[in-house]
Amino acid sequence: MTVDQAVARHAPPDTSAEAAASSLVKGVEAGLNSEAGSDGPELVRVDPVSGRRWSVPRWLRRTVGPVALLVLWQVLSASGALEAQILASPGTIAATAGDLVSDGTLPSAMLVSLQRVAVGLLLGGVAGVALALVSGLSRLGEDLVDATVQMLRSIPWVGVIPLFIIWLGIGEAPKIALISLGVAFHLYLNVYAGIRGVDAQLVEAGQSLGLSRWGLIRHVVLPGALPDAMTGLRYSLATAWLALVFGEQVNADDGLGFLMNQAREFFRTDVIVVCLVVYAILGLIADFLVRTFERQLLQWRPTFTGQ
């Protein structure tokens, strides 16, 4: 055995990049040659079954429950299982709604109730947000305001109706005050929680960038508290309509509550249900507007929307 053969025999295996590249090229050439010489079937992309499945539109799925309830209601009324004195049939309610709309009674009542809700929402919203800003942005403000608001919040706001009647009379003032009271508490709690829930690291980052106190409030604290504030606004709208129902029972001479009181005296369940449906529709429209406004304001905050 020569010296060169001995060195080649005991040399370590070739692990250089050239050897790896050479083996890779040989493998590719062998694969191409085998494909060229074979007459195998052509590969066709197969779409998954879930991709070809027809899906029911979401709006149609959401209407299944209410439509099924209406059909069951109509069947029970037509069969006599549900008496008209207990609850009128959907057909009777629809005819009554048409009559109330045609003679102008329902639009006039809706306008009066909307005015009450708008004024109460405005006054209560201003009061709730102002108190939340004072309490949330300052420790001194929290010490002075939060305890008092929490104490008043624990009192059922419906229970203060007799006091409002004594203080404000039986006109529009107690109705608007009741709506404002319910709205203010919801907005206060959510705005205050949103302010105190802002990440402290964001505040420190703003301070390190040289933002003043007003700059921190404007660019860091308020945008961070906005999601909770919008949630509080939605709760406040629901509370406003609930307070309106109670408030319009107090010597009202117009509005949806007045129609319901008259219908109660004459056992007109169809008119009562019409007013309740109008309450529900107005509440849904208000909530839809707030959610649309919320999506526009919070485009910078992507959220999970379900699967």
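Here's what I pulled together on the structure shown here. (Residues numbered from 1 in each chain as written. Predicted model: local features only at pLDDT ≥ 70, side-chain atom pairs only at ≥ 80, totals over all residues. Heavy atoms only, no water.)

1. Focus on the overall build of the protein
Logical step 1: For the protein, the helix and strand inventory stands at 13 helices and zero strands.
Logical step 2: In sequence order, the protein lays out its α and β elements as α-α-α-α-α-α-α-α-α-α-α-α-α.
Logical step 3: Across the 307 residues in the protein, those meeting the buried criterion constitute 30%.
Logical step 4: Contacts in the protein between residues at least 24 apart in sequence constitute 72% of all its contacts with a sequence separation of at least 6.
Logical step 5: Working note: accessible area of the protein is about 20500 Å², and carbon and sulfur atoms make up 65% of it. (Helix = DSSP H or I, 4+ residues; strand = E, 2+ residues; numbered from the N terminus. Buried < 20%, exposed > 50% of the residue type's maximum accessible area, 1.4 Å probe, protein only. Contact = heavy atoms within 4.5 Å. Areas by Shrake-Rupley, 256 points an atom, 1.4 Å probe, with all protein chains shown as cover.)

2. Let's talk about a nonpolar patch on the surface
Logical step 1: On the surface, Val-277, Ile-281, Ile-285, Phe-288 and Leu-289 cluster together into a nonpolar patch covering about 480 Å² of accessible area.
Logical step 2: Tracing the sequence through the fold places Val-277 in helix H13 (residues 269-297). (Patch = residues over 30% accessible without salt bridge, like charges linked within 9 Å, V, L, I, M, F, W, Y side chains within 5 Å. Salt bridge = Lys/Arg side-chain N within 4 Å of Asp/Glu carboxyl O.)

3. A closer look at the layout of surface pockets
Logical step 1: Reported here for the second largest pocket is a volume of approximately 300 Å³.
Logical step 2: Every residue along the wall of the second largest pocket is listed here: Gly-136, Leu-137, Ile-195, Val-198, Ala-200, Val-203, Glu-204, Gln-207, Arg-213, Leu-216, Ile-217 and Val-221.
Logical step 3: Among the elements of the structure, helix H6 (105-137), helix H10 (200-208) and helix H11 (213-247) are those that each provide at least two residues to the lining of the second largest pocket.
Logical step 4: Each residue belonging to the lining of the second largest pocket can be placed in one class, and the counts come to eight nonpolar, two polar and two charged. (1 Å grid on protein atoms, 1.4 Å probe; cavity = no way out; pocket = protein on both sides within 12 Å on 5 of 7 lines; lining within 4 Å. Points joined across faces, edges and corners; volume = space filled by probe spheres on them. Nonpolar A, V, L, I, M, F, W, Y, C, P; charged D, E, K, R; others polar.)

4. Quick look at the packing of helix H5 (residues 90-102) against H13
Logical step 1: As a packed pair, H5 and H13 sit with axes 9 Å apart at the nearest point and diverge in direction by 75 degrees. With respect to their mutual orientation, H5 and H13 come out roughly perpendicular. Along its contact with H5, which presents Thr-92, Ile-93, Thr-96, Ala-97 and Leu-100, the element H13 presents Asp-270, Val-271, Val-273 and Val-274. (Axes fitted to C-alpha atoms, helices over the stretch in contact; angles between N-to-C directions. Parallel < 35°, antiparallel > 145°, perpendicular 65-115°, else oblique.)

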